[in-house]
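In case you want the letters, here they are:
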Amino acid sequence: MHTHAANNHERAITILYATETGNAQDLAERLAHHCRRLQFTPTVFSIDAYSPEELISETLMVFIISTAGSGKEPRTMSTFWNMLLRSDLPSDLFEDLDYAVFGLGDSTYEKFCWPAKLLSRRLASLGAREILPRGEGDEQHHLGSDGAFGPWLLKLSKVLLHLHPLPEGTEVPPGDTLPPPRVTLTPGVPAEDIPEPLFKDKRYHLATIKQNDRMTAPDWYQDVRHLEFEFDEDVYYEPGDVAVIHPHVPAVDVESFLSSMGYANIADEPFTIEHNFPDQSLPDHLPETATLRQLFTRYLDITAVPKRSFFSTLRHFTTDELEREKLDEFLSEEGADDLYDYAQRVRRTIREVMEEFRSAKVPKEYVFDLFPHLRPREFSIASSVLRNPRRAELCVAIVQYRTKLRIPRRGVATTYLAALQPGDKIPVGIKKGGLITLPKDVHTPVICIGPGTGIAPARAIIEERTRQGSKENTLYQGCRSVSKDQHYRAEFEALASEGKLVYRVAPSRDSPEGVKRTYVQDLIAEDAKRIWELVGESGAWVYISGSSNKMPAGVKAAIRDAIREYGGKSEDEAAEYVATMEREGRLIEDCWS
């Protein structure tokens, strides 16, 4: 965990971000770049890499906080947040701290930007001064979080300059000035047998693919895989933990891109990378020496849909007058809709954009400034280490669809996984999930709700519990069709026949035409009396995993109804009962967007 000495410089500013997918980090780095233009000295930390003890010595901070699932804080924020919630903290603890908060979320969910709201209130209750009303970026805006972040950043700039006027004789440089690159590249020495950089991190282990099988029916629209990884050493993980996969972009796509960018002749020339600005990040586990081919295969993402900041940087490298005019239109206030239609609406990738803006000549020193990081993907582990301490299993839906332009798309990480063959070896990280804990008493009942690939953590819980000798397990599995996508059906039916599992399945598309579809929350409503007996009388723990759409709210509503109807509670008392379960860790959501 990083610490930084208390910086008494009046223009020092600390920026903390909490992210699940990297969006909050992108905004934090944009903010840091902007603060440097305002003559501040920014320091940027992921919130899990920041020592909370440093807070007491801070005087100026900005927090960029994303939302996980249907209103939870990101996993990276949990330790920091729990520290702030301590009841023994004095109300004037942060009386010297000025702060601002920007949240990222999706307004279709009830708890929109909830972690940012709670953080803002908690800091104020501990004596800190909020210098600007909280900003809230909404994924439903046609510009995504940029729709709110840009205007909020302008307001923040005015507040910062009011509180900390520019030193005499200095002024803010124009916003369209090309900043210096975040790296310096110097010719390197070709090296053979370079050790895998990931293995410097103790969380990563060499894994051999033992199984990569399609579980859905061959004629089903979705390809869902069961993958098994075997390690050469014992590994440790718990239900709710995740496997971290670093994907590779297909070689044919990389080769095509390098050619279109004019990099083909230098693609395999090694260079040494020197980091110039620590507040502008580089990809994790980046080697000291690399080639452009390696960078665009493993570390830089040419498959992503570009954000507005990408076009802003691209403009500096475009020489054709018509192309520059087009970029100026995209970046203007009036052109926001055109930019959305060009990029986000049709899911146009960076690679495709670069093929259209052919005059752009990007110096290799600027590749880290223009192209986003190719981020590792996290997948919930679908097995228990108690069954085999040298194996981990995943349940993965292969991402494939057509854009509005009817162009086929495949997810870079799941395409990488789908292509793996038994015997292939890759590095796999094991990371704490941070959300799921199991009751210490194996006789305490548990209820798992897992539609779709949300069955992964549910399967891990049930496998762990049955290995511990528990028979008090209930599973509500959601699928579309029993014959097409009821994942791990035989396995769960076997446990049910052995008396170790009560197994209920909601196949939403198997109902006759005209009959209401059945979802997991409908089965819970049918079982309301038993649900109350488990939750209210036997102290059952409830785990909800899967997509954070309407399902989690529907499940909690069904549980509230069961408590009201069979527990003799009022509507408000039933709602408070569920809220108490959440606070006590007896009702846990492990959901994703």
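Residues numbered from 1 in each chain as written. Predicted model: local features only at pLDDT ≥ 70, side-chain atom pairs only at ≥ 80, totals over all residues. Heavy atoms only, no water.

Counted only if it meets this: UniProt positions are given in the numbering used here, feature names are shortened, and annotations may be inferred rather than shown by experiment.
As annotated in an unreviewed UniProt entry, the protein is NADPH-dependent diflavin oxidoreductase 1 from Somion occarium. Check the Catalytic activity (unreviewed entry) section of the UniProt entry for the protein; it says "2 oxidized [2Fe-2S]-[protein] + NADPH = 2 reduced [2Fe-2S]-[protein] + NADP(+) + H(+)". Taken directly from UniProt, the Subunit (unreviewed entry) text for the protein runs: "Interacts with DRE2; as part of the cytosolic iron-sulfur (Fe-S) protein assembly (CIA) machinery."

**Digging into the overall build of the protein**
Filter applied, for reference: Secondary structure elements are defined from DSSP: runs of H or I of at least 4 residues count as helices, runs of E of at least 2 residues count as strands, and each element is numbered from the N terminus. Partly exposed describes any residue whose relative accessible area lies between the buried limit of under 20% and the exposed limit of over 50%, with all areas from a 1.4 Å probe on protein chains only and scaled to the type maximum. In these tables, accessible area is a Shrake-Rupley quantity obtained with a 1.4 Å probe, and a residue counts as shielded only by the protein chains included in the view. The charge count treats Lys and Arg as positive and Asp and Glu as negative. His and the chain ends do not count. Charged groups are reduced to one reference atom each: NZ for lysine, CZ for arginine, CG for aspartic acid, CD for glutamic acid.
Looking only at helices and strands, the protein features 19 helices and 22 strands. Each of the three principal axes of the protein carries a C-alpha extent, and together these read 75 × 60 × 50 Å. By residue count, 52% of the 593 residues in the protein fall in the buried class. Of the roughly 27500 Å² of accessible surface on the protein, a fraction of 49% belongs to carbon and sulfur atoms. Separation between the mean location of the 71 positive side-chain charges and that of the 91 negative ones in the protein comes to 4 Å.

**So, the sheet that holds strand β7 (residues 183-187)**
Counted only if it meets this: For two strands to count as paired, DSSP must find a minimum of two bridges between them.
A sheet is described by the order of its strands in space; here three strands give the open sequence β7-β11-β12, paired in antiparallel fashion. Looking at which strands have only one partner, the edges of the open sheet turn out to be β7 and β12 (289-290). Alignment of strand β11 (residues 271-275) against β12, held across two bridges, turns out to be antiparallel. Bridge assignment links Thr272 to a residue of β12, and that residue is Thr289.

**Quick notes on the pairing of strand β4 (residues 98-105)**
Defined as follows: A right-handed crossover is one whose linking path, passing over the helix from the first strand to the second, runs clockwise when the strands point away from the viewer.
For β4, the buried fraction is high: eight of the eight residues fall into the buried class. Taking every second residue as pointing to the same face, both faces of β4 are buried, with Asp98, Ala100, Phe102 and Leu104 on one and Tyr99, Val101, Gly103 and Gly105 on the other. As paired strands, strand β3 (residues 60-65) and β4 are joined by six bridges and run parallel to one another. Pairing of Ile65 across the sheet is with Gly103, part of β4. Once the chain exits β3 it traverses helix α2 (residues 78-84) before rejoining the sheet at β4, and the crossover so formed is right-handed. Bridge analysis of β4 against strand β5 (residues 129-130) gives two bridges, and the strand direction is parallel. In the sheet register, Tyr99 faces β5, and the bridge partner there is Glu130. One crossover worth recording links β4 to the parallel β5 by way of helix α3 (residues 114-125), and it is right-handed. Here β4 runs beside strand β6 (residues 135-138); their pairing, made up of four bridges, is parallel.

**Thoughts on the layout of surface pockets**
Short version of the rule: Both site types are read off a 1 Å grid over the protein atoms alone. A 1.4 Å probe that fits but cannot get out defines a cavity, while an open set with protein on both sides within 12 Å along at least five of seven lines defines a pocket; lining residues have an atom within 4 Å of a point. Grid points are joined across faces, edges and corners, and a volume is the space filled by probe spheres set on the points. Nonpolar residues are Ala, Val, Leu, Ile, Met, Phe, Trp, Tyr, Cys and Pro. Charged residues are Asp, Glu, Lys and Arg, and all others, Gly as well, are polar.
Computed from the structure, the second largest pocket encloses a volume of approximately 220 Å³. If you go around the second largest pocket, you meet 14 residues; those closest to its centre are Glu238, Pro239, Thr437, Leu438 and Glu464. A per-class count over the lining of the second largest pocket returns eight nonpolar, three polar and three charged.

**A closer look at the side chain of Asp138**
The condition is simple: By definition here, a salt bridge exists when the distance from a side-chain nitrogen of Lys or Arg to a carboxyl oxygen of Asp or Glu is within 4 Å. Contacts described as polar in this section are N or O atom pairs within 3.5 Å, which, within protein, must combine one atom able to donate a hydrogen with one able to accept it, while residues neighboring in sequence count only if both atoms come from side chains. The contact definition used throughout considers only heavy atoms, calling two residues in contact when any of these lie within 4.5 Å.
Take Asp138: it is sitting in strand β6. In this structure, Asp138 is buried with no salt-bridge partner, the nearest side chain bearing the opposite charge being Lys117 at 10 Å. Here the side chain of Asp138 touches Ser107 through a polar contact of 2.6 Å, side chain to side chain. Among all residues touching Asp138, those that are not within four sequence positions of it are Gly105, Asp106, Ser107, Phe112, Gly144 and Ser145.

**Regarding the UniProt feature "binding site: NADP(+)" (unreviewed entry) in the protein**
The UniProt entry lists Thr453, Ser508, Arg509, Arg517, Thr518, Tyr519, Val520 and Gln521 under the feature "binding site: NADP(+)" (unreviewed entry), expressed in the numbering used here. By relative accessible area, Arg517 is classed as partly exposed at 41%. Once you skip the residues sitting within four places of it in the chain, Arg517 turns out to touch Ser508, Arg509, Ser511 and Asp522. For Gln521, the position within the fold is in helix α16 (residues 520-526). Once residues lying within four places of it in the same chain are set aside, the contact partners of Gln521 are Met551, Gly554, Val555 and Ala558.

**Some thoughts on unusual backbone geometry**
In this model, Cys113 sits at a positive phi of 55°, which is unusual for a non-glycine residue. Here Cys113 falls in the buried class, since its relative accessible area comes to 1%. Positioned with a positive phi, His285 is a non-glycine residue whose angle comes to about 60°. For His285, the position within the fold is in the loop between β11 and β12. The exposure class assigned to His285 is partly exposed, which follows from its relative accessible area of 21%.

**Section: the sheet that holds strand β19 (residues 473-479)**
To keep it simple, the criterion reads: To get an axis, a line is fitted to the C-alpha atoms, and for a helix only the part in contact is used. The angle between two axes follows their N-to-C directions and goes from 0 to 180 degrees.
Pairing within the open sheet is parallel, and its five strands lie in the order β20-β19-β18-β21-β22. Either end of the sheet is taken by a strand with one partner, and the two such strands are β20 (502-507) and β22 (587-592). Taken pair by pair, the neighbouring strands of this sheet meet at an average axis angle of 10°, ignoring direction. In terms of strand pairing, strand β18 (residues 446-451) meets strand β21 (residues 541-547) through four bridges, oriented parallel. Counted as the bridge partner of Ile449 is Ile544 from β21.

**Points about helix α13 (residues 455-467)**
This is how the line gets drawn: Expected helix span is given by 1.5 Å per residue-to-residue step, counting one fewer step than there are residues.
In a regular helix each residue adds 1.5 Å, so 13 residues correspond to 18 Å; α13 covers 18 Å between its end C-alpha atoms and thus fits that length. The element α13 is largely enclosed, with a buried count of twelve among its 13 residues. Of all the residues in α13, the buried ones are Ile455, Ala456, Pro457, Ala458, Arg459, Ala460, Ile461, Ile462, Glu463, Glu464, Arg465 and Thr466. Phi turns positive, to about 95°, at Gly469, one or two residues after α13.

**Side note on the nonpolar core**
The following threshold applies: The definition of a nonpolar core used throughout is a set of buried Ala, Val, Leu, Ile, Met, Phe, Trp, Tyr and Cys residues joined through side-chain atoms within 4.5 Å.
Ranked by internal contacts, the top residues of the largest apolar core, which has 44 residues, are Leu295, Phe296, Phe311, Met354 and Phe371. Looking at this core, the element that brings in the most residues is helix α6 (residues 292-299), giving four residues. Filtering out sequence-adjacent residues up to four positions away, Phe371 remains in contact with Phe257, Met261, Phe296, Leu300, Phe310, Ile350 and Met354.

**Remarks on the UniProt feature "domain: Flavodoxin-like" (unreviewed entry) in the protein**
Under the UniProt annotation, the feature "domain: Flavodoxin-like" (unreviewed entry) is placed at residues 13-157. As a span, residues 13-157 carries 32% helix and 22% strand, and end to end its C-alpha atoms are 12 Å apart.

**Here's the deal with the state of the cysteines**
In plain terms, the rule: Note that a disulfide, as used here, is simply two cysteine sulfur atoms within 2.5 Å.
As enumerated under the stated definition, the model contains zero disulfides in all. Its sulfur unpaired, Cys395 is 12 Å from the next cysteine sulfur, which belongs to Cys479. Classification of Cys479 by relative accessible area gives buried; the value is 8%.

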